[in-house]
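Chain residues, written in single-letter form:
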Amino acid sequence: MATKNAQELPKREQGVFKTVMKCYEQKQYKKGLRAAEQILKRHPNHGETLAMKGLILNCLKKKVEAVAFAKKGLFANLKSHVCWHVYGLIHRSERRYADAIKSYQNALKYDKENQLILNDLSLLQIQMREHNGFQETRRKILLLKSDKRINWIAYAVGNHLLGDYKKCLHILDTFIKTLDNDKVWDYQESEMFLYRNQVIQESGDKKEALKDLEKIEADARDKQYVWYTKSKLQLELGDSKAAEEGFRKLLDVNNEEASFHTGLQQALGLTPTEDAKGNSTYEEKTVKALADLYDGFRKKWKYCSYAKRFPLVFTSGEEFRKRVDEYMRPKFRKGVPSLFRDLKALYGDKEKVKIVEELVKTYYSNLKEHGRFMESDEKDSETPNVFVWVLYYLASHNEHLGNVSRALELLEEGIAHTPTAIDLYVLKARTLKHVRDFQQAYEVLNFARELDLADRYLNTKCVRYALRAGKVEDAQRIVKLFLRETDTLDSLFEMQAMWYELACGLCHFKKKNYAEALTKLLSVGKHFEDIQEDQFDFHTWCLRKTTLRAYVGMLRYQEEICGHKFFTRAAHAVVNVYLTIYDKPSKAQNGDAAGMDGPDDLSKLTAKERRALKKRQKRAAAKAKKREEAEAKRKEEEREAAKAKEGTANATSEAAKANALKESIPDGAKMAADPDPLGAAAKMVKKLQLNSPKDIDTHLAALEVYSRRGRYLLVLQAIKRAIRIAQESGVTMPPAVHFHMVQLARIMRNDIPKGFPQEKVNPIVAKILETETKDVPGFPKASDDLQKYNDSFLNKHGNTISHCLYAARCRMELGAGASASFDAIWAKLGEKASDLEASVKAFEFVKTLNIPDKLETLRAALEKRHPLTPDFKAPK
Amino acid sequence: FFFQIRLRAVVRERPVPSTPPNLSPPPRALDWTSVDSSHQPPATEMEDPSEDPVERKRAGIKTYYTDVTPNNVGQLRCLNLNVFPVTYNDGFYKDVTNEQNKDVTKMVYVSDMLVGAICCRFEAGKDKLNRVYIMTFGVLKAYRHYGIGTGMIKHLISVVSKLQDIQDVYLHVQISNEKAIKFYQRYGFEIIAKKENYYRKIDPPHCYVLSRKPGPLESE
């Protein structure tokens, strides 16, 4: 270990060291490297130079060497802030933010007032949402340099994020005092004052916020925001007169903005009343007033679509009929394919559905025979294209209500009438998709696509339909239309084309290509990491530009971003893939059912054998890790060798880019070979629990994973959470919860089901389970006979097929036999088989029961119910 | 921040309103004579001329003309399959997307749906003059009697009358298709020849050759 003296360079070398620093800052890495090596020749143990060499190597993408040098430098001089800073920077570049923060903090121990390090630290802290640390760091920076606007603002934001509004306002005000009062505000100042106002609003002082807004109104740049917020605050404070005026003014600016309309309605007191169930109805008086108001608006603004559409919401009966008739006709004439989606929002009201249906049916027959909407119209007053769009609507309507065969009949008629109407084919494909005829759906959509090869929507849809039909190659061929000629499919990763990755991942999963599936699905997760990483660009930029409202909004948005449906869907799919890998693959074919059967091989083993197996797996894992490391090293060396050989030629940089891209894509094959798939699944479940705790599916996934791992307390937790969410949102408890309650009850009785770790439950755990399950509503009591308990569940919920399916599974698990299990599904099938997805699952489950006669009976019954669904076709 | 826009600009081409096309194309050097037209029998399916054009269906129909491109040629194929008794081969569809014939080959849309099309090509005639040959001319059955065919033929005549060095516009019509013959005669076409056994697969196999000299319509 070097002495302190050895860490001090002679004058000459000090100069060289400064050059090293300068070269790094100016990105002259090669030159910097040479200078560093010059110092190291004489002082091979100089810590800071070693560290700098590491940092420069890191910039040259020689990661392994970089870490080695940084470490070496750090050990040579543990008391140098440079060494710690470099160490932190390298951690940061590898996205190990927590480690980077620690390193920076160590660096600050030795150089308390280093602004560069403080700044870097604050960025990481805000990135990691360490709000306390961020506020403290920004305070230090402000104390060091209080003449910079950005430092004041950043400290204020730090306090805001901690919820200390008072302090935040105090800091902003102190800073504002230093400003020139007479200066005309530029955009940045305007944003700062608006941000200040937002903080007042968040602190809950509406009166003060309103007063402040009135004060800054004349100078603020974002007029619409000021007006809207003012009106909103006035409304909340009960000054509806002023609010009404405000909203009317806003509507004159933009009469399509729904929030202005709702604001005005509230200001006028024209809102619906809600009953206990949450159904809203408009009183007669309100309807009259609203009708007058919006009829006025329609005269005033000829093209305002809100004024045309909104009356359909509050009117009913004959009045509704008149208005919807008036509303639909021009859209049919014009050919608006989205009309059905537009009106679907009204389909919650059965009366309105009936009226619309009657009208459209009348149109349909009148147009077909006489070229007019109604008998009261002149003959041949409409052209044939109107008929096609009415027919299209009627088909959508029938499809939505489940009259698939009628919808298809209509579509055939439409295609015979105008074979070039692309939308008819698209709807036909969608209808076929809904009855699970994915092959034909794809064929029809592809036909539509070939009618207009330049249509992006059709190209995208067609890719998805191809994947659903299991045609990966076709999908790849079509999706390539979106790429440049030089690009490969990997570029889709670069483009973060998540819809494709999700669909492709699920397709591979269905085909049991688990490695490919994981590659695609984990890519989705990677994109979310990248999106979060992208925040870094904004931390300094937004503070500098003072776009604080947007910045705080962005920070809050990023915190919730992993609750996005793409992330959730991909995460659930990943969990399912790992569960399928864990379970015996041959049993995994049965989709959802897979979870229930469990791995026979594991449960048949004795405890001793299992321990041995575990040991073997551990050893295999260690070996795999070693191999992996060696592989990584070899790759790195190879890459460097290649680089050294070919220099910086353009072609290589292109190839290197492609290579780098390839390496950043998750390696599904490696993941699929994970010796501990349940552990990997559990990690995903944790992410889901963190990001979508209110989604009931999160807890259902947790049930599947934790029960296999034998983590009974976590199983109980998931059961409780699922039940609570179901209660809060007023839905029936998912049947999977019932199944897992039965399983857990068996475990508590020491009757450990198949697929669970066969060890005896830890007595402490058993004790906790016993006390805790008493509070779980509907949990089987210790005295209950589980078969009977399950039967009573079946009696209660026998009207939905998915509940019956889980009751059937319980029967199977409880040893009631295949025939009894089948009966649970079969008993009242006629009344409830309309749920196609659940029916397919039930059918797949019965397939595993090995009772061919009954399976055939079930199949025939289901085929009668869903004649177009290929799943229920008789096997050839 | 670089939000790379990587999607290739493949926007669905909206039909453009029918404005007179950009005229005065130079007379072209043509090599169409090598095409044996008897293998691709031309056809015309349109208005019922028994009805006077004045007594057309009451409602006016709004049409848009657009060019045939390799991207939307599938629609033309779909239209022709439904309108004509004969099928055209891939060579035909390659010809119609040819840049040379852009001005005399148009598709007609009504509220985003293709309802009719006129496909012509230039051929070399006498004395270095060019002939315009109407290969196909058709409107979907449900959209007939709305003046769409009339619009198409008038469009063609006005385009051709502004070109130079044109000998005539001509086409073949099956001798039994009286409606079509009357239709063309209304716009100045005359029967100049009869060809025996022109068609192979349809009966009667004979056809007339109808021709019209360039020049604007008399009535307008």
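Not measured: the values here are computed from a predicted model.

Caption draft 1: Structural view of the overall build of chain B. Scanning chain B from terminus to terminus reveals 4 helices and 9 strands. Helices and strands in chain B line up, N terminus first, as β-β-β-α-α-β-β-β-α-β-α-β-β. For chain B, buried positions account for 53% of its 220 residues. If you sum the accessible surface of chain B, you get close to 11200 Å²; carbon and sulfur atoms cover 49% of it.

Caption draft 2: Representation of helix α1 (residues 11-25) of chain A. Residue and element names in this part refer to chain A. With 15 residues, α1 extends 22 Å from end C-alpha to end C-alpha; this agrees with the ideal 21 Å at 1.5 Å per step. When we look at burial in α1, the residues that qualify are Glu13, Val16, Phe17, Val20 and Cys23. Looking down the long axis of α1, one finds its buried residues gathered within 120° of arc, a one-sided arrangement. Those residues of α1 that are exposed and angled more than 90 degrees off the buried face are Lys11, Lys18 and Glu25.

Caption draft 3: Seen up close, the nonpolar core. With 132 residues, the main nonpolar core has Met328(A), Phe332(A), Ile134(B) and Tyr184(B) as its most contacted residues. By residue number, the principal contributor to this core is helix α22 (residues 384-400) of chain A, which donates 10 residues. In terms of nonpolar packing, the next biggest core, distinct from the first, is built from 66 residues, Leu521(A), Ile531(A), Ile725(A) and Ala745(A) among them.

Caption draft 4: Broad picture of the packing of aromatic side chains. Taken as a whole and assessed by the stated rule, the structure comprises 39 aromatic pairs over all chains. The interplanar angle of 45° and the centroid separation of 5.8 Å between the aromatic rings of Phe137(B) and Phe183(B) together place this pair among those described as tilted. In this pair, Phe137(B) is assigned in strand β6 (residues 130-139) and Phe183(B) in helix α4 (residues 178-186), connecting sequence segments 46 residues apart. Overall, Phe137(B) belongs to the buried group, its relative accessible area being 0%. We classify Phe183(B) as buried; its relative accessible area is 0%. Linked through ring pairs, Tyr282(A), Tyr294(A), Phe297(A), Trp301(A), Tyr306(A), Phe310(A) and Phe314(A) together constitute an aromatic cluster. Here the basic side chain of Arg549(A) rests over the ring of Tyr225(A), its NZ or CZ set 4.3 Å away from the ring centre. In this structure, Arg131(B) is placed above the aromatic ring of Tyr170(B), and the distance from its NZ or CZ to the ring centre is 3.8 Å.

Caption draft 5: Here's a closer look at the confidence of the model for chain A. Per-residue confidence for chain A averages 88 on the pLDDT scale, and 94% of its residues sit at or above 70. Predicted confidence is poor over residues 586-604 of chain A, with pLDDT under 50, and the contacts of this stretch with residues over four places away or in other chains come to 37 contacts.

Caption draft 6: Broad picture of the interface of chain A and chain B. Every contact between the two is made by 39 residues of chain A and, on the other side, 30 residues of chain B. Together, the buried faces of chain A and chain B total about 3000 Å²; carbon and sulfur atoms form 56% of this surface. Per-residue buried area on chain A facing chain B is highest for Thr420(A), Ala454(A) and Arg456(A); these three make up 19% of the total on that side. One can count 0 salt bridges joining chain A with chain B. At the boundary of chain A and chain B, one finds 6 residue pairs in polar contact (both at pLDDT 80 or more). Among the elements of the structure, α19 (317-334), α22, α24 (422-434), α25 (438-451), α28 (491-494) and α31 (536-545) of chain A are those that each provide at least two residues to the side of chain A that touches chain B. Broken down by element, the residue count for the side of chain A that touches chain B peaks at 4 residues, all from α22(A).

Caption draft 7: Focus on a nonpolar patch on the surface. Residues and elements named next belong to chain A. Among the surface-exposed residues, Leu713, Ile764 and Ile768 lie close enough to one another that they form a single nonpolar patch of about 250 Å² accessible area. Following the sequence through the fold, Ile764 ends up in helix α43 (residues 763-773). Here Ile764 falls in the exposed class, since its relative accessible area comes to 58%.

Quick notes on the rules
- Residues numbered from 1 in each chain as written.
- Chains lettered and ligands numbered in written order.
- Predicted model: local features only at pLDDT ≥ 70, side-chain atom pairs only at ≥ 80, totals over all residues.
- Heavy atoms only, no water.
- Helix = DSSP H or I, 4+ residues; strand = E, 2+ residues; numbered from the N terminus.
- Buried < 20%, exposed > 50% of the residue type's maximum accessible area, 1.4 Å probe, protein only.
- Areas by Shrake-Rupley, 256 points an atom, 1.4 Å probe, with all protein chains shown as cover.
- Expected span 1.5 Å × (residues − 1).
- Arc of directions from axis to C-beta.
- Core = buried A, V, L, I, M, F, W, Y, C linked by side-chain atoms within 4.5 Å.
- Phe/Tyr/Trp six-rings, centres within 6.5 Å; stacked < 30°, edge-to-face > 60°.
- Lys NZ or Arg CZ within 6 Å of the ring centre and 35° of its normal.
- pLDDT = per-residue confidence, 0-100.
- Contact = heavy atoms within 4.5 Å.
- Buried area = accessible area lost by both parts, 1.4 Å probe.
- Salt bridge = Lys/Arg side-chain N within 4 Å of Asp/Glu carboxyl O.
- Polar contact = N/O pair within 3.5 Å; in protein donor to acceptor, adjacent residues only side chain to side chain.
- Patch = residues over 30% accessible without salt bridge, like charges linked within 9 Å, V, L, I, M, F, W, Y side chains within 5 Å.

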